[in-house]
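Next come the chains, spelled out residue by residue.
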Amino acid sequence: MNSICVFCGSSMGVRPEYRQAAFDLAKLFLAKKIRLVYGGANVGLMQILADTVLAGGGEVIGIMPQMLIDKEVAHTGLTKMITVCSMSERKSLMVEMSDAFIAMPGGFGTLDELAEVITYNQLRLTDKPIGILNIAGYFDPLLAFFDHITNEGFLRHEHRQNLIVDDSIKGLISKMQEFKPVAIEKWIEDIKKESL
């Protein structure tokens, strides 16, 4: 994994653990010479992540729609800032430029980005590892929802298993490096049969 896209908050969150995790993840990227791809903001956890990688001499690529640049939240010191026209274009480019994805604590934007790559993975548009860094149990309610929709028959078990979750950075990265997509055999045919 030479390039990892991180989805995380444009806010800091209330727990110091979230900020520490952004700092620690950046340090790991530096140690492993991993290029950071992210949303390009100079606020919140996104700022901590980018500034720490940059301060250590690492490479940071930001991808941001012009409308957000106009709101003056763009980081001006990145290795490269790519300006796009829309949020959809931003997500498509993130997928294209990254070898893997990590979701850290964040809000609606983080959830939107995570949902997009999960769906790409489900449809086999990409087989890149998707990691959820569950700092301080932040994602527990979302993971419980994923379990719920699986148990209720709206998400297949093999798709649920493709998500990599850990509460430690080293553990998550290790699991992501070992990731092999779960074989998804004829699931489209299965859901057609269920609909008869």
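Throughout what follows, the structure given in this document is the object of discussion. (Residues numbered from 1 in each chain as written. Predicted model: local features only at pLDDT ≥ 70, side-chain atom pairs only at ≥ 80, totals over all residues. Heavy atoms only, no water.)

### Brief notes about helix α1 (residues 16–32)
1) Next: Taking 1.5 Å of rise per residue, 17 residues should cover 24 Å, and α1 covers 25 Å from first to last C-alpha, within 8% of that figure.
2) Next: Every buried residue belonging to α1 is among Y18, A21, A22, L25, A26, L28, F29 and L30, and all of these are buried.
3) Next: The secondary structure elements touched by the buried residues of α1 are β1 (3–7), β2 (35–38), α2 (44–55), β5 (100–103) and α8 (169–177).
4) Next: In the segment just after α1, K33 is the residue with positive phi, at about 55 degrees. (Helix = DSSP H or I, 4+ residues; strand = E, 2+ residues; numbered from the N terminus. Expected span 1.5 Å × (residues − 1). Buried < 20%, exposed > 50% of the residue type's maximum accessible area, 1.4 Å probe, protein only. Contact = heavy atoms within 4.5 Å.)

### Considering the side chain of R90
1) Next: Checked against the element boundaries, R90 lands in helix α4 (residues 87–97).
2) Next: Apart from residues no more than four positions distant in its own chain, R90 is found in contact with G39, I63, M64, P65, L68, V84 and E113.

### As for the pairing of β1
Taken residue by residue, a regular strand's side chains alternate between the two faces of the sheet.
1) Next: Across the 5 residues of β1, 5 count as buried, placing the element largely inside the fold.
2) Next: Note: β1 against β2, 3 bridges, orientation parallel. Within β2, the position partnered with S3 by the bridge is R35.
3) Next: One crossover worth recording links β1 to the parallel β2 by way of α1, and it is right-handed. (Pairing = 2+ DSSP bridges. Right-handed = clockwise from strand over helix to strand, strands pointing away.)

### So, the pattern of salt bridges
1) Next: What the rule picks out here adds up to 8 salt bridges.
2) Next: A salt bridge links K91 to D112, with the shortest nitrogen-to-oxygen separation between them at 2.9 Å. Taken together, the residues K91 in helix α4 and D112 in helix α5 (residues 108–122) connect sequence positions 21 residues apart.
3) Next: Judged by relative accessible area, K91 falls into the buried class, the value being 11%.
4) Next: The closest approach of N and O atoms between D166 and K175, which form a salt bridge, is 3.0 Å.
5) Next: The class for D166 is buried, based on a relative accessible area of 14%.
6) Next: Overlapping salt bridges bring together K91, D112 and E116 as one network. (Salt bridge = Lys/Arg side-chain N within 4 Å of Asp/Glu carboxyl O.)

### Structural notes on the sheet that holds β5
1) Next: Reading across the sheet, the 7 strands line up as β4-β3-β2-β1-β5-β6-β7 and stay open at both edges, with parallel pairing between neighbours. Each of the sheet's edge strands pairs with one partner strand only, and the pair in question is β4 (80–84) and β7 (163–166). When strand polarity is set aside, the average angle formed by the axes of neighbouring strands in this sheet is 25 degrees.
2) Next: By the bridge criterion, 3 bridges tie β5 to strand β6 (residues 130–133) in an arrangement that is parallel. Following the sheet pairing, A103 is matched in β6 by I132.
3) Next: Contacts from α8 reach β1, β5, β6 and β7, with the element oriented near 155 degrees to β7. (Axes fitted to C-alpha atoms, helices over the stretch in contact; angles between N-to-C directions.)

### Here's the deal with the environment of M67
1) Next: Residue position: M67 is located in helix α3 (residues 66–70).
2) Next: Each C-alpha atom of the pair M67 and T83 lies 9.6 Å from the other, and the pair is 16 residues apart in sequence.

### Description of the packing of aromatic side chains
1) Next: Inspection of the entire model under this criterion finds 4 aromatic pairs.
2) Next: When the ring of Y138 is compared with that of F139, the centres are 5.0 Å apart and the planes differ by 85 degrees; the resulting orientation is edge-to-face.
3) Next: Between F145 and F146, the ring centres sit 6.5 Å apart and the planes meet at 50 degrees, which makes this aromatic pair tilted.
4) Next: For F145, a relative accessible area of 43% translates into the label partly exposed.
5) Next: F146 gets classed as buried once you look at its relative accessible area, which sits at 10%.
6) Next: Here the aromatic residues Y18, Y138 and F139 are joined through ring pairs into a cluster of three or more. (Phe/Tyr/Trp six-rings, centres within 6.5 Å; stacked < 30°, edge-to-face > 60°.)

### What about the packing of α1 against α2?
1) Next: Two elements in contact, α1 and α2, have axes whose closest approach is 8 Å; the angle formed by their N-to-C orientations is 30 degrees. With respect to each other, α1 and α2 are oriented roughly parallel. Viewed along their axes, α1 and α2 form a crossing whose handedness is right-handed. Packed against α1, whose contacting residues are Y18, R19, A22, F23, L25, A26, K27, F29 and L30, the element α2 presents L45, I48, L49, T52 and V53 at the interface. (Parallel < 35°, antiparallel > 145°, perpendicular 65-115°, else oblique. Left-handed = near helix turned anticlockwise from the far one by under 90°.)

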